[in-house]
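# Structure assessment
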Amino acid sequence: MGTVKQVIGGLDAGFVTTKFTELLGWAQKYSLFQYPFVTACCGMEFMAVAGPRYDMSRFGAEAPRFSPRQADLLWVVGTISQRQAPALRRIYEQMAEPKWVLAFGTCASCGGFYDNYTTVPGIDKIIPVDVFVPGCPPRPEAVFDGLMLLQEKIQTGVKGPLVVPPKHLPRLAQLRQKGSTVDFGTEEIKRLEAERSPADMKLLEQKD
Amino acid sequence: MEPHYEALGDEQTLDLPTEPMRLNMGPSHPAMHGTIRMVLDLDGESIVDLDLQPGYLHRGFEKSCERGTWSQVFPYVDRLNYVSPMLNNVGFALAVEKLIGLEVPERCTYYRTVLGELARMSDHITCNGAAAMELGAFTPFLWLIKVRDWIWDILEQETGARLTHSFGRIGGMAAPPTDGFRESTLAIFDEIDHVMMESEALLMKNRIFLDRTQQIGNLSQEDAIAMGCTGVILRSTGVDYDVRKANPYMFYDRFDFDVPIGHDGDNYDRFVCRFEEMRQSMRIIRQALDQMPTSGSVVSEDLRYVLPNKSDVYDSIEGTIAHFKLVMEGIKVPPGEVYSFTEGGNGELGFFIVSDGSGTPYRVRVRPPCWYNLQACRDMLIGDMIADIIPTFGSINMIGGECDR
Amino acid sequence: MSKKVIKRLKSEFGDAILATSDFRGDFEARVAKKTWKKVALFLRDELQMNHIIDITAVDYPEREPELPRFEMKLIVRSMSTNDRVRIAAHLADGEKIDSLTDVWRGANWAEREIFDMFGISFNGHPDQRRILMYEEFEGHPLRKDYPIGKAQPLVPYRDVSGTEKIAPFGAEEGQPWGRIDWAARLADGDVQVSPSISQQTGGRKALSTGPETSPLAEQEE
């Protein structure tokens, strides 16, 4: 029969354990059951993210569960007022482990420009947050950046909150950058190069 | 074996004791129309009494306005009725311009009209789509969101942002229309018509949809008027009141459009009224795009309120001084108070502004159409069942940002 | 359009109409607070002003003690004649004014909001309690002497000093008007694409050295 290897827990992090954790991470990140805690304007972008053009179901995160017991990803979409805070806290506490929180929008991340008596300045003052997606409201592409960051976080198990950075880099430079994590084919590069003016192309060529 | 029927006499009817149950439909609930708390007193499934508790999205709009300048109110105003932000922008700009007595060029007014009507279409799409989805019709929701993304593409092309544009300015707009504005707007209208027809075909003859919306959430005319309802809620009861027809502002008296009126005041009438209003909006947009001058400024010439061109700032003394004063001190609105009202997505959106002559607003009161419409929700729901809350609440189009401010 | 409303009010109430004004087309009549409800009933019954538009208040604390602090505003219109009028009334701090809920039912929530935001109480209001703020809130936010930043949290804030919500980008990131030298940045290879996890959790430098080379990019060459 051979030696019995501990698969779950224990100090023995062998091959089976790490592979199991990886498998678990893979399964969890591609099947997030969301609890959309939608309050304000970001809810409209949330609808667009769930809509047909920016399709959230590509990421496996489509199915909303309106009971916190059945959900594992809490999307806090929109401004949380002081009056709403106990409800948010209770919903977070009712969710079962493992659970993640995504702060959608600037108001959820830091209170936004509602710096007043009635807005909670960021939901991380109430519940621990995994990913912050700034924007007022964030573009659906930024939301997907946040979702993909969260998926990487679930897979790698890194601690601490992550923030979605702005995309400031011109598209072509992004693609041509060595080691770019954006993965497109040569067709896209050719198309973008055709749109560029000769002066810009010279600049990019110098870099190579 | 034959079934054995025995007629139950009166003495055999069971008198089961019942007591009303209090149920809380909490501030976080699936209807994606904002946060509201309803405390229901139920007798079985029927609603005996209903205590609506708004205020879960109170963000201190009116207090925040008193802290900045008049121009800094525009981002706050955008987030009031956040599904039709252009209408709020235009409403506030008109209010301040009424107080100042400032005229804007014709091209600006047409531009505001077109962007405002696009925003109104986006509002009605969201309301109807979400209401249909809550009743189980997921497909029309996705089709209508597709349409809404087309409209938002146009708005993004013009203003730079999909949702909260902050594009209005006191005395004009932030930028002139782009070159492809007319073509790209008209290009989507045929497809919008087609998608709307498809969505209606799925819903309007659907037995389930009709049973859940017809004769549910009825509101009488007298109640609606006494409650201060405006907009689609009021028009669905049969009252012909639309600010664009009754007190025409901007150039609405130059356009030929109809105002859809219902007759029962139920959810179905509101739903149909919204779809018809979308069609009328498209009609207005077509006429406005035809009449709009193709060249000309979209800001007023008055340098006390509008930033001058950058070339003037660098080349002329007046431009430099005007720019300096406006940036350092803000717009100085003369003292006074005025109430200006426009037709927002949900009804009469009014701004009551008080100025004390300095660059800071003294009081910006927004008269939210949702606030009074939501009050009427109680009348609509008493006597109906819990399941009727969903279509009724969805048809009111309560936008939390506008209701709670 | 609404001038005749003011005329009718003047002829009915005479001196009880303390002042009238016509500014930018808005007709307003000011009354004393004790005639507030009588005027409202007259407007509804005699002038068919059945459509309530708004009730609000404005706070002028610097007017005291010469003039009372608050000014109530009532805006109504008539569905049949499309007339509009605005009625104003001065109100001192601590004074109560009649509720208009039995004149127009829509006044209910408007007056609750004024009570919540300004602290003005209404005589005869059926359900006077806070509507926008929560019951535990103390003070009335829209008064000028309530500081805007004074929050009264219901849920005590967590201590977030340990976790850093540090954005992995510098002060000028994402700003098209910043003085970013694109040529230099592209030349150095010092560009920032979607940063990998190690960058966000490891080094905190704003302009990082770029993500690790992925095998696919090498194939493209």
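Predicted model only: the values in this text are computed from it and were never measured. (Residues numbered from 1 in each chain as written. Chains lettered and ligands numbered in written order. Predicted model: local features only at pLDDT ≥ 70, side-chain atom pairs only at ≥ 80, totals over all residues.)

## Focus on the overall build of chain C
Along its length, chain C carries 6 helices and 7 strands. Taken from the N to the C terminus, the helices and strands of chain C come in the order α-β-β-α-β-β-β-β-α-β-α-α-α. For chain C, with 221 residues in total, the buried portion stands at 35%. The contacts in chain C between residues at least 6 apart in sequence include a share of 49% that link residues at least 24 apart. (Helix = DSSP H or I, 4+ residues; strand = E, 2+ residues; numbered from the N terminus. Buried ≥ 20, exposed ≤ 12 C-beta atoms within 10 Å, placed from the backbone. Contact = placed C-beta atoms within 7 Å.)

## Looking at the confidence of the model for chain A
Residues and elements named next belong to chain A. Per-residue pLDDT for chain A averages 79, and the proportion of residues at 70 or more is 73%. Scored below 50 in pLDDT, residues 1–12 makes 6 contacts in the model with residues more than four places away or belonging to other chains. When the criterion is pLDDT under 50, residues 178–184 qualifies, and its contacts beyond four places in sequence or with other chains add up to 21 contacts. (pLDDT = per-residue confidence, 0-100.)

## A short note on the packing of helix H3 (residues 85–100) of chain B against helix H4 (residues 106–134) of chain B
All names here are of chain B. Their axes nearest at 7 Å, the elements H3 and H4 cross at an angle of 140°. As judged from the angle between their axes, H3 and H4 are oblique. When H3 is examined against H4, the residues Pro85, Met86, Leu87 and Val90 are found in contact with a partner set consisting of Arg112, Leu115, Gly116, Leu118, Ala119 and Arg120. (Axes fitted to C-alpha atoms, helices over the stretch in contact; angles between N-to-C directions. Parallel < 35°, antiparallel > 145°, perpendicular 65-115°, else oblique.)

## Quick word on the pairing of strand S1 (residues 21–25) of chain B
Residues and elements named next belong to chain B. Along S1, only 0 of the 5 residues are buried, which leaves the element largely exposed. Direction of pairing for S1 relative to strand S2 (residues 37–43): antiparallel, over a ladder of 5 bridges. Bridge pairing in S2 links Met21 to Leu42. (Pairing = 2+ DSSP bridges.)

## Focus: the environment of Gln214 of chain B
Residues and elements named next belong to chain B. Locating Gln214 in the fold gives a position in the loop between helix H7 (207–213) and helix H8 (221–227). The sequence separation of Gln214 and His194 amounts to 20 residues, and the corresponding C-alpha distance is 25 Å. Not counting residues up to four positions away in its chain, the partners in contact with Gln214 are Asp266 and Tyr268.

## Focus: the interface of chain B and chain A
Interfaces are often described in size by the accessible area the parts lose on coming together. Each partner contributes residues to the interface: chain B has 28 residues there, and chain A has 28 residues. Sorting the residues of the side of chain B that touches chain A by element identifies helix H1 (61–65), helix H5 (138–159) and helix H16 (400–404) of chain B as the ones contributing at least two each. The element contributing the most residues to the side of chain B that touches chain A is H5 of chain B, with 4 residues. Here the side of chain B that touches chain A is composed, by residue class, of 11 nonpolar, 12 polar and 5 charged. (Nonpolar A, V, L, I, M, F, W, Y, C, P; charged D, E, K, R; others polar.)

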